[in-house]
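Chain residues, written in single-letter form:
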Amino acid sequence: MTYDTIIRGGRWFDGTGAPSAVRDIGIRGGHVVAVSADDLDATGCPQVLDATGKWVIPGMLDIHTHYDVEVLGRPSLSESLRHGVTTVMLGSCSLSTVHVGGVDAGDLFGRVEAIPRNFVIDTVEQHKTWTGAEQYVAALESLPLGPNLAAFIGHSDMRTAVMGLDRATRADQRPTRSEQAEMERMLAAALDAGFVGMSSQQLLFDKIDGDTCRSRTLPSTYAKPRELRRLKSLLRRAGRALQSGPDIQNPLNLLSQMAQSLGILRNPLKTSLLSAADIKANPYAIKIMGPSSRLINALGGNFRWQHLPVPFEVYADGIDLVVFEEFGAGAQALHLRDEVERNELLADETYRRRFRKDYESRYGMRVWHRDFFDAEIVGCPDHAVIGKSFGQVGADRGLHPVDAFLDLVLAHGRELRWRTTISNHRPEVLKQLARNPGIQLGFSDAGAHLRNMAFYNMGLRLLRHVRDAQNSGQEFMSIEHAVHRLTGELADWYRLDAGHLRIGDRADVVIIDPERLDAGLDAYAEEPVDCYGGLERMVNRNDDTVTAVLVSGRAVFLDGQPTELVGRHRTGRFLRAAHRSPALGADESALASVV
């Protein structure tokens, strides 16, 4: 037997949670064809990778991204690939580009996901050739994809396309009978095309960009129970998933979102809800998330929380950060795009009193802890304030923390850069969440919030946490279990042909040097996004940790560097839910090559 690639002598993890072992892995035709305790014969094999002392794991899945726009202009998605992510999920938070045009996509994605609206419009209008789900899949597979793709169809996408963005974001408007039927037809077509399900959103601080509907919430938040019930019934019958975000200000909405997973004389609805987080602003909320998922599933539901398994650290340039959308004064400032108008507002004493009142309010659910003493300035033309919190600056100047913050924003605008950790700050709580079977490990938001956060390497950071605990004699889960949670468990739940590394499985493979699961994983860098006009975004750079990444048996990263395939030839494909995926043939890959 001859092989296209042999991976020699690494510790092999199959993605099921079974015990790992030192094995040689033989790959041919994009699939694993041998897993051997003995040395495989390398005669005629063009590529032999030495994995001695390293871990060989299935490619990781990222189940929550906003790559819908970037994949059109930069389909290599190399920021995820380089960290061992070989399958990414599009269409989160009710947002996708299956049906809307460029301008509507710009309004939907621009402010919510902090992707510059003009680049969203230009990218979608330049690349859009499709009119429905099956054509969308074909369009994606005509691109030189780096990782594999899977997708939700966005509820706001469908609602906007059917009703128009203005009507879709008015509380007094409902879809007509024919519009409701058209949304159901769109969803059914997406499920037939292999989408994993539908994403919706009821969270009320996600706001629309643009002029016509600016500062309204996303279209899916205006949907009434009948509309949602009819769409969900299609998901139930097909056994596909609903991803949703509850209105955290409304406990009844949260309860109903969880209860919908129950069958009770009908099929259970697979539900993945945003999000399980150890929130600084409410440290007790996390205590009910694990028990709630266990209760729902014990009663016959199929419910999961999504969870980012690392500290949720965010950066901001001036006042441009989505957490300000959750209270009135913050949303009022973000509503204004004109810098002069916004500065006039920030200087107004009446406005500042309102901001201070919102800042000091401790009532209601919220995401941001609203503590400017817990917000470090990391960049500013006034070097005297760097390294201090806004609270410290206020104390130095005899000002309220809010006034210290607003004064610095007025003086320096977006040149004022600061950071804070919103949630997942307690390592012991992260350990509990990481092993909870009612929680899915995901929520990286890759491709969005480009200047605010970078969680592309979250899987590596979880593996470091697990390895360090094991080495210290305080193991909270095995390496095998951690790998399973990042790979096979997610693939199986979403019914995707990914996440495993057994004979016959697709050869999506990552080789990790466990000795380099170190502090370098916490560092940030900046990298220009060429399809967004060279905008600098936050990224991770730990190139010594991942020594090789293969997609469909083809090396896309070696020793931290992209191979000649990346951005030029298609290695990934669209993974259709509940379908086995054949290997990507050479002829098929050539169709997506860039000359």
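Per an unreviewed UniProt entry, the protein goes by the name Amidohydrolase 3 domain-containing protein and belongs to Mycolicibacterium bacteremicum.

Engineer: Could you give an account of the sheet that holds strand E15 (residues 417–423), with specific residues and numbers?
Structural biologist: In spatial order, the strands read E13-E15-E14; together these three strands make up an open sheet with antiparallel pairing. For this open sheet the edge positions go to strand E13 (312–317) and strand E14 (376–379), each flanked by a neighbour on one side alone. On average, each strand axis in the sheet is inclined to that of its neighbour by 35°, with strand direction left out of account. Here E13 pairs with E15 via six bridges, running antiparallel. Each residue of the ladder has a partner; that of Glu313, found in E15, is Thr421.

Engineer: Talk me through unusual backbone geometry; I want residue IDs and the actual numbers.
Structural biologist: Geometrically, the link from Leu274 to Ser275 is a cis peptide bond, its omega value of -20° lying close to zero. Here Ser275 is to be found in the loop between strand E11 (270–273) and helix H11 (286–298). Despite not being glycine, Ala114 has its phi angle at roughly 55°, a positive value. With respect to the secondary-structure elements, Ala114 resides in the loop between helix H3 (102–109) and helix H4 (117–127). Since its relative accessible area comes to 29%, Ala114 is described here as partly exposed. You will see that Ser215, though not glycine, has its phi angle at about 75°, which is positive. Here Ser215 lies in the loop between strand E9 (197–199) and helix H9 (225–238).

The rules behind each value
Residues numbered from 1 in each chain as written. Predicted model: local features only at pLDDT ≥ 70, side-chain atom pairs only at ≥ 80, totals over all residues. Heavy atoms only, no water. Pairing = 2+ DSSP bridges. Helix = DSSP H or I, 4+ residues; strand = E, 2+ residues; numbered from the N terminus. Axes fitted to C-alpha atoms, helices over the stretch in contact; angles between N-to-C directions. Buried < 20%, exposed > 50% of the residue type's maximum accessible area, 1.4 Å probe, protein only.

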